[in-house]
Amino acid sequence: MKKALIIAVMSLMCGPAFGWGRAGHETIAKIAENNLSRRAKSKIEHYLGGHSIVYYAKWMDDYRNTPEYAFTSPWHVAPVDASLHYPENAPGRNGDAVFGLEQAVASLRNYKSLSDSAVAVNIKYVLHLVGDMHCPAHIKYASHNMKYDVLFEDVSHKPHKFYVHHVWDNEIINVSRIWSVSEWAAELDRCTRTEKKAISAGTPRDWLHDNAVRCEVQFDWARPDERLGQDFLNLAVPLVETQILYAGYRLAALLEELF
């Protein structure tokens, strides 16, 4: 029975359905939804065909490899220069998360002049890209190598080789959090109105700099070929949860401003 339980948990850990891609993005969207006014929520759901923003939080990952949306594939990372700011010469030829987000926001500022389908797709871009730019692994540091493997311990403390990006995207959440999206959002969303306003102040470029400063510790906590166990999780989980919380508040503020 114990062996079967471990196998079941491991199958969840290794499957593509969980992690920052689903649990992270949907929890961000749920926090944002909980902080939207009734008016903004109603307007947004009208364009999303009656669905909530949580329903489409992972949409960009699902469609990035389709012919129609392949051009968005490079948008999932947010670059920073040596000073941890969005580079002056950005975006590159193919764009990035900040480029995609700013383009979508600019379109939505005049959403009444767009077709319903155009409004919907730009909302989906905003939902996802705010989340991606808050993920430690999706901040592309000019001054750090981000392409290496680590040994990450599973629930039975057995180490497995993972690309470090995948650890931040998926494994930290898979090993440490088993709540539903709504439960996790409720546990995280406990800031005061003043705190929420301070967190969501500024522009997406300001948010990226704030994220890059806070998340740079990842390179001290997870070095190439290092074995990462509970000591690592004790540091990494609060960082991941802070990033998810901040992304939720900032997403809510941005959508509230637009709608």
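Caption draft 1: Summary view of the overall build of the protein chain. Broken down by element type, the protein chain carries twelve helices and five strands. Relative to the 2.2 N^0.38 estimate, which gives 18 Å for 259 residues, the radius of gyration of the protein chain is 18 Å and therefore close to what a compact globule would have. For the protein chain, the spread of C-alpha atoms along the three principal axes comes to 55 × 45 × 45 Å. The buried share of the protein chain, reckoned over its 259 residues, is 48%.

Caption draft 2: The arrangement of the pattern of salt bridges in detail. Within this structure, the stated rule accounts for 14 salt bridges. In this structure, a network of salt bridges that share partners links the residues D210, R214 and R250.

Caption draft 3: Broad picture of the pairing of strand β4 (residues 159-163). Judged from the five bridges that link them, strand β3 (residues 149-153) and β4 form a sheet pairing that is antiparallel. Opposite F152, over in β4, you have H160 as the bridge partner. If you look at the hairpin formed by β3 and β4, you'll find five residues sitting between the two strands, and H157 has a positive phi there, around 70°.

Caption draft 4: Just the packing of aromatic side chains, in detail. Under the counting rule described, the total for this entry stands at 15 aromatic pairs. On the basis of an interplanar angle of 80° and a centroid distance of 5.8 Å, the ring pair of W75 and F99 is categorised as edge-to-face. In this pair, W75 is assigned in the loop between α4 (59-63) and β1 (78-80) and F99 in helix α5 (residues 97-108), connecting sequence segments 24 residues apart. Take F99: its relative accessible area is 27%, and that puts it in the partly exposed class. Plain terms: the ring middles of W168 and F232 are 5.6 Å apart, the flat faces sit at 75° to each other, and that makes the pair edge-to-face. On the criterion of sequence distance, the pair formed by W168 in helix α7 (residues 164-176) and F232 in helix α12 (residues 230-258) is long-range, its members being 64 residues apart. For the pair W168 and F232, a shared accessibility class is recorded, and that class is buried. Stacked on the ring of Y56, the Lys or Arg K124 has its end atom at 4.3 Å from the ring centre.

Caption draft 5: Fine view of empty space enclosed by the protein. Here the structure, examined in full by the defined rule, presents one cavity of 30 Å³ or more. One number sums up the size of the largest cavity: a volume of about 60 Å³. Surrounding the largest cavity, A137, M146, Y148, V164, H165, W168, Q218 and F219 form its lining. Among the elements of the structure, α7 and α11 (218-221) are those that each provide at least two residues to the lining of the largest cavity. Looking at which element gives the most residues to the lining of the largest cavity, the answer is α7, with three residues. Classifying every residue of the lining of the largest cavity gives six nonpolar, two polar and no charged.

The rules we used
- Residue indices follow the written sequence of each chain, beginning from 1 at its first position.
- Residue-level local features of this predicted model are given only where pLDDT is at least 70; pairs of side-chain atoms are given and counted only at 80 or more, and the full residue set underlies all totals for whole chains, interfaces and linings.
- Side-chain metrics rest on all non-hydrogen atoms present in the structure, leaving aside hydrogens and water.
- Helix and strand definitions here come from DSSP, where helices need a minimum of 4 consecutive H or I residues and strands a minimum of 2 consecutive E residues; each element is numbered from the N-terminal end.
- Here the radius of gyration uses the C-alpha set of atoms, whereas the globule reference equals 2.2 Å times the residue count to the power 0.38.
- Relative accessibility decides the category of a residue: with a 1.4 Å probe and only protein chains considered, values under 20% of the type maximum give buried, values over 50% give exposed, and everything between is partly exposed.
- When a carboxyl oxygen of Asp or Glu is within 4 Å of a side-chain nitrogen of Lys or Arg, the pair counts as a salt bridge.
- Between any two strands, at least two bridges found by DSSP are needed for them to pair.
- Aromatic rings from Phe, Tyr and Trp, taking only the six-membered ring of Trp, are treated as a pair when their centres fall within 6.5 Å; an angle between ring planes under 30 degrees marks them as stacked, one over 60 as edge-to-face, and anything in between as tilted.
- Here, over-ring charges are defined by two tests on the NZ atom of lysine or the CZ atom of arginine: distance to the ring centre within 6 Å, and angle to the ring normal within 35 degrees.
- Cavity: a set of points on a 1 Å grid over the protein atoms alone where a 1.4 Å probe fits but cannot get out. Pocket: an open set with protein on both sides within 12 Å along at least five of seven lines, its lining residues, like those of a cavity, having an atom within 4 Å of a point.
- Grid points are joined across faces, edges and corners, and a volume is the space filled by probe spheres set on the points.
- In this classification, Asp, Glu, Lys and Arg are treated as charged, Ala, Val, Leu, Ile, Met, Phe, Trp, Tyr, Cys and Pro as nonpolar, and every other residue, Gly included, as polar.

Shape is all these values report; function is a separate question.
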